[in-house]
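Architecture at a glance
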Amino acid sequence: MTEPLVPIPVRIDIDTVAPHFSRALAHLDNAMVRELDAVGFESRLRELVRLRASQLNGCSYCVELHSGDALTAGDTPQRINAVAVWRESPLFTARDRAALALTESITRTSETHVPDADWDEAAAVFSTEELGALVALIVTINAWNTVGVSTHAWVG
């Protein structure tokens, strides 16, 4: 017999109680996607970055969402499952690793202050324009995660 799932109650529906903010966050997301599209940033890596930040931030809804989006983007279940331990996995390219390292540094800014080593690793494999788009991606997913974790607005 399967145990019943534990419901996570919504604290506030941010889309209803702060609709201007919610729309602004959606506009930020759209702007970020335009930046990524403009530089041809690969969709599989976009989703791995979103997934890793969401794991670090503990956003259950976003982890579930971006795991599925990564599959849809053509990534493999093995790589998706290994994102949490990417440093110990041979499944990731130098470009993946640089993006994931920068994701972790920016997501944990208060702890890391984004060290030069992480930035330099990313700068070695991404153009300046790609780096700008990557920063936009990381900042945006962290904003979504912060809203989701703090309000439980979107439960899985």
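Structural notes, computed from the coordinates. (Residues numbered from 1 in each chain as written. Predicted model: local features only at pLDDT ≥ 70, side-chain atom pairs only at ≥ 80, totals over all residues. Heavy atoms only, no water.)

A word on the overall build of the protein chain
- From N to C terminus, the protein chain includes nine helices and zero strands.
- Along the chain direction, N to C, the helices and strands of the protein chain fall in the order α-α-α-α-α-α-α-α-α.
- Taking 2.2 N^0.38 as the reference for a compact globule, 156 residues should give roughly 15 Å; the C-alpha atoms of the protein chain span a radius of gyration of 16 Å, in line with that estimate.
- With respect to the three principal axes, the spread of C-alpha positions in the protein chain is 45 × 45 × 30 Å.
- Taking as baseline every contact in the protein chain between residues at least 6 positions apart, the subset at least 24 positions apart corresponds to 65%.
- As displayed, the protein chain has an accessible area near 8,500 Å², and 59% of this comes from carbon and sulfur atoms.
- If the 12 positive side-chain charges of the protein chain are averaged to one point and the 21 negative ones to another, these points end up 1 Å apart. (Helix = DSSP H or I, 4+ residues; strand = E, 2+ residues; numbered from the N terminus. Rg over C-alpha atoms; globule rule 2.2 N^0.38 Å. Contact = heavy atoms within 4.5 Å. Areas by Shrake-Rupley, 256 points an atom, 1.4 Å probe, with all protein chains shown as cover. Lys, Arg positive; Asp, Glu negative; His and termini not counted. Charge placed at Lys NZ, Arg CZ, Asp CG, Glu CD.)

Digging into the packing of helix H3 (residues 43–57) against helix H4 (residues 60–72)
- For the pair H3 and H4, the least separation of the axes is 9 Å and the interaxial angle reads 160°. Here H3 lies roughly antiparallel to H4, going by the angle between them. The two elements H3 and H4 meet at a crossing, and its hand is left-handed. The residues of H4 that touch H3, namely those facing Glu47, Arg50, Leu51, Ser54 and Gln55, are Cys62, Val63, His66, Ser67, Asp69 and Ala70.
- Residues belonging to the contact of H3 with H4 are distributed by class as follows: four nonpolar, four polar and three charged. (Axes fitted to C-alpha atoms, helices over the stretch in contact; angles between N-to-C directions. Parallel < 35°, antiparallel > 145°, perpendicular 65-115°, else oblique. Left-handed = near helix turned anticlockwise from the far one by under 90°. Nonpolar A, V, L, I, M, F, W, Y, C, P; charged D, E, K, R; others polar.)

Overview of the nonpolar core
- Counting residues in hydrophobic clusters, the biggest one holds 26 residues, and the most contacted among them are Leu45, Val49, Phe92, Leu102, Phe126 and Leu134.
- Per-element tally for this core: the top contributor is helix H6 (residues 94–107), with six residues.
- Residues in contact with leucine 102, not counting those within four places in the same chain, are Val114, Asp118, Trp119, Ala122, Leu131, Leu134 and Ile138.
- Counting residues in each nonpolar core, the second largest holds eight residues, with Ile14, Leu25, Trp144 and Trp154 among its members. (Core = buried A, V, L, I, M, F, W, Y, C linked by side-chain atoms within 4.5 Å. Buried < 20%, exposed > 50% of the residue type's maximum accessible area, 1.4 Å probe, protein only.)

Some remarks on H6
- For H6, built from 14 residues, the straight-helix expectation of 20 Å at 1.5 Å per residue is met to within 8% by its first-to-last C-alpha distance of 20 Å.
- Within H6, burial applies to Arg95, Asp96, Ala98, Ala99, Leu100, Ala101, Leu102, Thr103, Glu104, Ser105, Ile106 and Thr107.
- Contact partners of the buried residues in H6: H3, helix H5 (77–82), helix H7 (109–112), helix H8 (116–123) and helix H9 (128–151). (Expected span 1.5 Å × (residues − 1).)

Brief notes about the pattern of salt bridges
- Throughout the structure, instances matching the rule amount to eight salt bridges.
- When the shortest N-O distance is used, the salt bridge between arginine 46 and aspartate 37 registers 2.7 Å.
- The exposure class of arginine 46 is buried, given its relative accessible area of 10%.
- Accessibility expressed as a relative area gives 46% for aspartate 37, which makes it partly exposed. (Salt bridge = Lys/Arg side-chain N within 4 Å of Asp/Glu carboxyl O.)

Examining the environment of arginine 108
- Relative to the elements of secondary structure, arginine 108 occurs in the loop between H6 and H7.
- The sequence separation of arginine 108 and glutamate 88 amounts to 20 residues, and the corresponding C-alpha distance is 20 Å.
- Apart from the residues lying within four places of it in its own chain, the contact partners of arginine 108 are Leu56 and His113.

Brief notes about the packing of H6 against H8
- Direction vectors running N to C along H6 and H8 enclose 150°, while the axes themselves pass 8 Å from each other. Of the two possible hands of crossing, H6 and H8 adopt the one that is left-handed. Contacts between H6 and H8 involve Arg97, Ala98, Ala101, Leu102 and Ser105 from the first element and Asp118, Trp119, Glu121 and Ala122 from the second.
- Among the residues forming the contact of H6 with H8, the class breakdown is five nonpolar, one polar and three charged.

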